[in-house]
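# A structural walkthrough
What follows is each chain in one-letter form.
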Amino acid sequence: MRKMLLLLILPALLFARNNSEKILHLKKTDAEIRVDGIVESAWVLADSVSDFVQHQPYPGSIPTERTVAKVISTETSLFVLIMCYDSGQVTEYQTGMLDNFGGDGVTIMLDTFNDKKTAYKIGVTAAGARMDSRLLDDARDRDYNWDGIWFSAVQRYDWGFIAEMEIPYKSIQYDKNASQWGLDFDRWIIARSEDIYWCNYQENEGQRISKFGVLVFDGFKPKVVGLNLEIYPVGLLKSSYTGNREYNFEPTAGLDIFYNPSSALTFQLTSNPDFAQIEADPFDFNISRYESYFSERRPFFIEGQEVFNPSGRQRNSGFYRPLELFYPRRVGKKLPDGSEVPLLLGARAFGRFDNWEYGGFVATTGEKEYSSGGNKYDERKATFTSARIKKQFMDNSTLGMLYVGKFERGNTYGVLDADGAFRGDNWQLAYQFARSFKNSEGDYAASAGFSQFGEKWVNMFRSRYIGKKFDVDQVGFVPWRGTWNTVLLTGPRWYKEKGAIRAILLYAGGFGNYEEIDDYFDRGGVVGINFNYRRFWGWEVNMDFGNAKDNGRQYNEFSTNFSSWFNWSPKWNGNLWGGYSKTYNFSRDYLAYYSWMGGQFSWSVLSTLRLGSSLNTYIEGRPAGGVENTVFNMRPYISLTPVNDLNIRIYIDGLYFTSSDRLEQIIAGLYFAYNFSPKNWIYFAFNEVQDRNDYFGSSRPDALSVAARAAVFKVKYLYYF
C-alpha cells in the first residue's frame, strides 16, 4: 500500500511548480475611485505586477505584449486596474453578453478562503463585455452560472486598452480572519493564440488554484457591509396559441431571494418561478435502450450546484463519470405530453465552515394531469429534499456524503451516497458508493476513476457498478441498472516546445461491460490518437472493437469516432465530428450499422454581428445492408449585439427524414435579452413549432401545421441591501 501511494504522489512532487514568490500587496485608500478606465492619482499608491508568463502557446515564455495589473482597496470594495499594451495593434474588440463574448480580455482570480480549491474569476473583454464564474476543484472545473454584483469599464488608447473593475466585498464570500488571499491574473490575445497568466503552471496540468500567488492585506482586512440581501421580483406575461386564431394571455409573478447572513453562508428561495427565457433542449437522436440526458439550465438549480455534485467530477475531461444521484431536472420535470409539473416553491442553503462545505435543498411541486398513449395520468404533488456535506483534507483532497429524497402520497424514494477524491498536481483518484431506496426496496452502486496526465505518459481508468434494483429515476440520472463496466487506457504523450504541433497523445487499452439483461460480458480493445496544435485547433480519432451481446444477438461490435475543433481565427470557430459503428438499434430492434456526422461554426461578420449554424446527420442502416433512414437536423442562427449586454437572436431548427422524404418538424424562434445592470434583466421570446400532427384542426391534413406558438415578456429586477 505504501508503494502504491508513493507512485501516486511522486508525480506531483516531481513536477510541482512553486509560485510562492508571487506576492502582491493590497493597500487601502480613502480616496474616491471612479470605475472609468482612466488612471487616477489614487492608483499611484497601488502595488502592481507585470511579470506575466505565457501558458499558451509557449508555456513559461515571455509574452509578446506587456501587461500591468494593479489592485487597491477602499473600505467597501476591491478595485482592479489592468493595463494591456498592444504594440502590434492586434486586439480584437467584440461586443458581448455576460459570459457570452468574443475577442481579447482580462480576468482576476481570487481564492478568498485560501482553501486552494475554489476561487472567483471575474473579468472583462477589451470591448467591455463582462464575465464571471467560480473555479472549482482546484480549477479542474468551473461554474459560469454564478453571477456577481460588480462593475467594470474599459478605455481604449492608441497603445492598447485599460480594464478597470470594482468588486464590492459584500458581493463575494470570504474568510474574514484571513490575512491574505490566493491571487492570479489572466490575459488572452486571440490573434496570437496567446494566453498569459501572472503565475506559472505546468503545461500538462493547466491552471491550479493551489499554485496561485498571494494577495497580502497591507494594514487592514476587508469587512462585510450591509444586509447582503438580494430580492428579485419577477413579472411575466405569456401568450400561447389555443387554435381558431385565439390566444390565451397569462400574467404571472414570482419572487427570488438570495441572502448571505455571513460571508460563508447563502440562502436561496424561489416562489412560483418561470423559466420561459430558457431555450428548448436540442434535438437528440437516441438508438440505445437508455433515456437521453439533458443538462440543467434553470438558474435556480444550477447556481451553487457544485456543493451537491460528487467529488472528482470533471466536466472538461469527461473521462471519470460519477453517478448523478441528484438530477435537478426531475424537479418540475417535463411529462410525456410535453407539459411540465409546476414548481411551487424551492429553497436551498449552502456554505462552509473551516474545511467543511455543506448544503441543503427542498422543493415542492404541484399535481398535474397529463396524457400518454391515449390514456390520462396524474402526477402527484411531491416534496424533494437533499442534504450534502464535504470535507477538504490533505490540501486539496475531499470526502463527503449526499442524501437525496422524494416524498409523495404513498411513495418514498431516495439515495444515500459517500464519495471522495484524492488529488495531486496532475492526477486524481475518485470514488463513490451509493445505496438507493424505493419504499421497501433498494440496492447498491459504486463508481471509481483514476487519471494521470504526466509530461510524457497518460494513464486513465474508470469503473462503475449499478445493482439490478438500484432505482433512482425519481431523483437522479442512473438508468443503467444491472450493469458493470470498466475502461483502462494508457499511452505516451509527446509535447513539442516549438512548431505548429503542441502535443501528440497516443493511447490504447481495453474495456469490459456486463449487462444483466443480456447475461453477457462485452469486452474489447480501444486505440486512439490526439493531435493538439498551438493555434487552438486539433483533432482526435479513436476506435473500439470487441465482442458484444444485445437482445439475444451475439456479435462482433466495432466503432470509430472522429472529432476536430478549429479556433485559430479571432473571427470564427468551428467543430467537425463523425463516426461509424456496428451496433444494436434498440429503436428498431435489430442489429445493423449506424453512422453519424455533424459540425458547427460561428463567424463574427462584424464586431456586433455573429452568424452560425449546427448540422447533425444520423444514418440508420438495415440488417441486410442499405439505409433505413437518414435524419438531418440543422439549426442556423443570427445573433446581433449592438451594444454590450443587449442581444437579439433569431434561429430556425429543422428536422428532415429521408424515410418520408419531407420536413417533419420546424422550430422558429426570436430571443431578446437585455442585462441593463448587474442581475437585472428584460427578456422577450417568441417560439413557434410546426410538425405533421394535427393539434388545432388544420385544413391541410398531413401538412406542416402549428403545434405550439407562444410569446413571453419577462422582467427581473434586483433590490440589493
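Rules used throughout
- Residues numbered from 1 in each chain as written.
- Predicted model: local features only at pLDDT ≥ 70, side-chain atom pairs only at ≥ 80, totals over all residues.
- Heavy atoms only, no water.
- Helix = DSSP H or I, 4+ residues; strand = E, 2+ residues; numbered from the N terminus.
- Rg over C-alpha atoms; globule rule 2.2 N^0.38 Å.
- Buried < 20%, exposed > 50% of the residue type's maximum accessible area, 1.4 Å probe, protein only.
- Salt bridge = Lys/Arg side-chain N within 4 Å of Asp/Glu carboxyl O.
- Disulfide = S-S within 2.5 Å.
- Pairing = 2+ DSSP bridges.
- 1 Å grid on protein atoms, 1.4 Å probe; cavity = no way out; pocket = protein on both sides within 12 Å on 5 of 7 lines; lining within 4 Å.
- Points joined across faces, edges and corners; volume = space filled by probe spheres on them.
- Nonpolar A, V, L, I, M, F, W, Y, C, P; charged D, E, K, R; others polar.
- Phe/Tyr/Trp six-rings, centres within 6.5 Å; stacked < 30°, edge-to-face > 60°.

This next bit is on the overall build of the protein chain. When its secondary structure is counted, the protein chain shows 2 helices and 42 strands. Radius of gyration (C-alpha) of the protein chain: 27 Å, near the 27 Å computed for a compact globule of 721 residues. Based on the C-alpha atoms only, the size of the protein chain along its principal axes is roughly 75 × 65 × 55 Å. Among the 721 residues that make up the protein chain, the fraction classed as buried is 51%.

This paragraph deals with the pattern of salt bridges. Overall, the coordinates contain 37 salt bridges when judged by the stated rule. A salt bridge links R289 to D518; the nearest nitrogen and oxygen atoms lie 3.1 Å apart. Linking R289 in the loop between β17 (265-271) and α2 (299-302) with D518 in the loop between β29 (501-515) and β30 (520-533), this pair joins segments that are 229 residues apart in sequence. With relative accessibility at 24%, the residue R289 sits in the partly exposed group.

The next subject is unusual backbone geometry. Residue P57 follows Q56 across a cis peptide bond; omega there is 5°. As for its position among the elements, P57 is in the loop between β3 (53-56) and β4 (67-73). At D99, a position not held by glycine, the phi torsion is positive, near 65°. Of note, D99 is situated in the loop between β5 (77-85) and β6 (105-111). Judged by relative accessible area, which is 24%, D99 ranks as partly exposed. Phi at D645 is positive, roughly 75°, even though this residue is not glycine. Along the chain, the position of D645 falls in the loop between β37 (637-643) and β38 (646-657).

Within this structure, the stated rule accounts for 0 disulfides. With no disulfide of its own, C84 lies closest to C199 among cysteine sulfurs, the gap being 17 Å.

A few words now on the pairing of strand β20 (residues 368-372). One ladder, built from 5 bridges, connects β20 with strand β21 (residues 375-379); its direction is antiparallel. Along β21, the bridge assignment pairs E369 with D378. In this structure, the hairpin formed by β20 and β21 is closed by a connection of 2 residues, where G373 is found at a positive phi of approximately 65°.

Here we come to empty space enclosed by the protein. To find leftover empty space, a probe the size of one water molecule is rolled over the atoms. Within this structure, the stated rule accounts for 6 cavities of 30 Å³ or more. Considered as a void within the structure, the largest cavity measures approximately 440 Å³ in volume. Every residue lining the largest cavity is counted, 35 residues in all, and those nearest its centre are Y120, W146, Q173, T266 and F350. Going through the elements one at a time, β7 (119-125), β15 (229-243), β16 (246-262), β18 (343-353) and β19 (356-365) are the ones with two or more residues in the lining of the largest cavity. The class makeup of the residues in the lining of the largest cavity is 14 nonpolar, 10 polar and 11 charged.

Turning to the packing of aromatic side chains, a few remarks are in order. For the coordinates displayed, the defined rule picks out 48 aromatic pairs. Taking the centre distance of 6.5 Å and the plane angle of 50° together, the rings of F283 and F285 count as tilted. What makes F285 buried here is its relative accessible area of 18%. Summarising the aromatic geometry, the rings of F285 and Y594 are spaced 6.2 Å apart at their centres and angled 15° between planes, so their arrangement reads as stacked.

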